[in-house]
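# Chains, contacts and geometry: an overview
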Amino acid sequence: MLIDFSTMKPADVYFIMTQSVLPRPIAWVLSENDGGDYNLAPFSYFNAVASDPPIIVFSVGILDGGGPKNTTANISKRPHFTVNIASVSQLPVLNQTSATLPYGESEVSANDIELAGVDGFPMPRVADSKIVLMCRRHDILKIGNVDQMLIFGEIDSVYVADDCVEVNEKGRIKIHADCVEPLARLGAGEYATFGEILQAKRPA
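Throughout what follows, the structure given in this document is the object of discussion. Bear in mind that the values here come from a model prediction, so they are computed numbers and not experimental data. (Residues numbered from 1 in each chain as written. Predicted model: local features only at pLDDT ≥ 70, side-chain atom pairs only at ≥ 80, totals over all residues. Heavy atoms only, no water.)

## A word on the packing of aromatic side chains
Spelled out, the test is: Each Phe, Tyr or Trp ring, with Trp reduced to its six-membered ring, pairs with another whose centre is within 6.5 Å; inter-plane angles below 30 degrees give stacked pairs, above 60 give edge-to-face pairs, and intermediate values give tilted ones. What counts as a helix is a DSSP run of H or I of at least four residues, what counts as a strand is a run of E of at least two, and both are numbered from the N terminus. Between buried and exposed lies partly exposed: a residue is buried under 20% and exposed over 50% of the maximum accessible area for its type, with that area taken using a 1.4 Å probe on protein chains only. We call a charge positioned over a ring when the NZ of a Lys or the CZ of an Arg lies within 6 Å of the ring centre and within 35 degrees of the ring normal.
The tally for this structure, following the rule as stated, stands at three aromatic pairs. Measuring from centroid to centroid gives 5.3 Å for Phe-43 and Phe-58, while their planes differ by 35 degrees, and the two rings are tilted. Here Phe-43 is found in strand E3 (residues 38–43), whereas its partner Phe-58 is found in strand E5 (residues 54–60), with 15 residues between them in sequence. Like Phe-43, the residue Phe-58 is buried in the burial classification. Ring pairing ties together the aromatic residues Phe-43, Phe-58 and Phe-81, which thus form one cluster. Over the ring of Tyr-159 we find Arg-125, and its NZ or CZ is 3.7 Å from the ring centre. Against the face of Tyr-191 rests Arg-185, its NZ or CZ located 4.5 Å from the ring centre.

## Quick look at the nonpolar core
Heads up, the rule is: Only buried Ala, Val, Leu, Ile, Met, Phe, Trp, Tyr and Cys residues count toward a nonpolar core, and they belong to the same one when joined by side-chain atoms within 4.5 Å. Every residue pair with non-hydrogen atoms within 4.5 Å of one another is taken to be in contact.
In terms of nonpolar packing, the biggest core is built from 22 residues, with Val-29, Ile-56, Phe-58, Phe-81 and Val-83 touching the most fellow members. For this core, the secondary-structure elements that each account for two or more residues are strand E2 (27–32), E3, E5, strand E6 (80–85), strand E9 (131–143), strand E10 (148–160) and helix H5 (177–180). Those residues in contact with Ile-56 that sit more than four places away from it in its chain are Phe-46, Asn-47, Ala-48, Val-49, Phe-81, Val-83, Leu-133, Cys-135, Ile-151, Phe-152, Gly-153 and Ile-155. Core analysis: the next-biggest nonpolar cluster, separate from the first, contains 15 residues, Val-108, Ile-113, Val-118 and Met-134 among them.

## A look at the layout of surface pockets
Where empty space is left in the structure can be found by rolling a water-sized probe over the atoms. Formally: The pocket and cavity definitions rest on a 1 Å grid over protein atoms only: a 1.4 Å probe that fits but cannot leave marks a cavity, an open set with protein on both sides within 12 Å along at least five of seven lines marks a pocket, and residues lining either have an atom within 4 Å of a point. Grid points are joined across faces, edges and corners, and a volume is the space filled by probe spheres set on the points. The nonpolar class holds Ala, Val, Leu, Ile, Met, Phe, Trp, Tyr, Cys and Pro. Asp, Glu, Lys and Arg form the charged class, and all remaining residues, Gly among them, are polar.
Space inside the largest pocket adds up to approximately 1400 Å³. If you trace the largest pocket, you find 43 residues lining it, with Tyr-14, Val-60, Gly-61, Lys-69 and Gln-148 closest to the centre. Put simply, the parts of the chain that give the lining of the largest pocket at least two residues each are helix H1 (10–20), E3, E5, helix H2 (70–77), helix H3 (91–96) and E10. The leading source of residues in the lining of the largest pocket is H1, at seven residues. Of the residues in the lining of the largest pocket, the class split is 23 nonpolar, 14 polar and six charged. Put simply, the second largest pocket is a space of about 410 Å³. If you go around the second largest pocket, you meet 18 residues; those closest to its centre are Pro-25, Phe-46, Asn-47, Ile-85 and Pro-182. When residues of the lining of the second largest pocket are traced back to their parent elements, those giving at least two are strand E1 (24–25), strand E4 (46–51) and E9. Classifying every residue of the lining of the second largest pocket by side-chain character gives 15 nonpolar, two polar and one charged.

## Section: unusual backbone geometry
Keep in mind that most residues, glycine aside, have a negative phi and that most peptide bonds are trans. Omega for the peptide link from Leu-22 to Pro-23 comes to -10 degrees, which places this bond in the cis form. By the element assignment, Pro-23 lies in the loop between H1 and E1. A cis amide bond links Asp-52 with the next residue in sequence, Pro-53, at an omega value of 0 degrees. Its place among the elements puts Pro-53 in the loop between E4 and E5. With a phi angle near 50 degrees, Glu-181 is a residue other than glycine that sits in the positive phi range.

## So, the sheet that holds E10
Worth spelling out the cut-off: Strands are labelled as partners when DSSP assigns at least two bridges between them. The axes are straight lines fitted to the C-alpha atoms, using for helices just the contacting stretch, and the angles between their N-to-C directions are given from 0 to 180°.
One open sheet accounts for seven strands, arranged E3-E2-E6-E9-E10-E5-E4; its pairing is antiparallel. Each edge of the open sheet is held by one strand with a lone partner, namely E3 and E4. This sheet shows a mean twist of 35 degrees between the axes of neighbouring strands, independent of strand direction. As judged from the five bridges shared by E4 and E5, these two strands associate in the antiparallel manner. Along E5, the bridge assignment pairs Asn-47 with Val-57. Strand contacts of H2: E2, E3, E5, E6, E9 and E10, with the helix running at about 55 degrees to E2, the strand carrying the most contacts.

## Comments concerning H2
Burial analysis of H2 places six of its eight residues in the buried class, the great majority of the element. Taken together, the buried positions of H2 are Asn-70, Thr-71, Thr-72, Ala-73, Asn-74 and Ile-75. Buried residues along H2 sit against E2, E3, E5, E6, E9 and E10.

This is the structure in structure tokens:
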């Protein structure tokens with residue numbers, strides 16, 4: 001089957017894209033609301049795009065009635081945010097934070113999510129996340145026929161749970177992905193977890 005996007009509505013294009021670009025990592029983004037509490041929302045149009053400087057990007061749509069989503073509004077005003085990498089065990093609460101709340105209402109409070117401070121960084125992290133990227137806004141770009149926003153974040157530091165990281169014999173930091181058990185996004189209401197981890201040495 002050849003699926004021709006030129007004949008389809010944007011919502012139908014989205015439905016096919018989320019089932020064909022897979023699996024996708026999930027950015028569980030914590031940003032600060034105007035009132036000083038926190039917004040927490042998952043985004044699966046997300047990846048790392050540069051290492052010098054270290055930059056990630058995630059894509060945020062608009063509200064059904066138009067206008068920016070809370071994450072975009074917050075990061076536009078305040079540059080610091082954290083990207084929490086959700087583990088399999090966090091799926092139920094991550095799914096709850098995908099609900100759209102009125103601006104200023106906190107998913108953290110609504111779902112009794114515990115946060116933890118980060119030394120030297122003004123934003124907290126989700127306490128039980130095993131990897132967290134401490135970011136500050138690098139740029140925000142508008143793309144497409146609607147106000148789809150690309151939010152670029154420069155990573156200041158990375159938190160990794162102690163039981164998921166070690167320094168190997170070469171002095172390099174090794175993060176154990178099987179310990180993190182990161183959650184990946186598929187289409188519709190489907191998610192993926194790790195199966196067997198395959199190894200392939202890069203050719204010289």
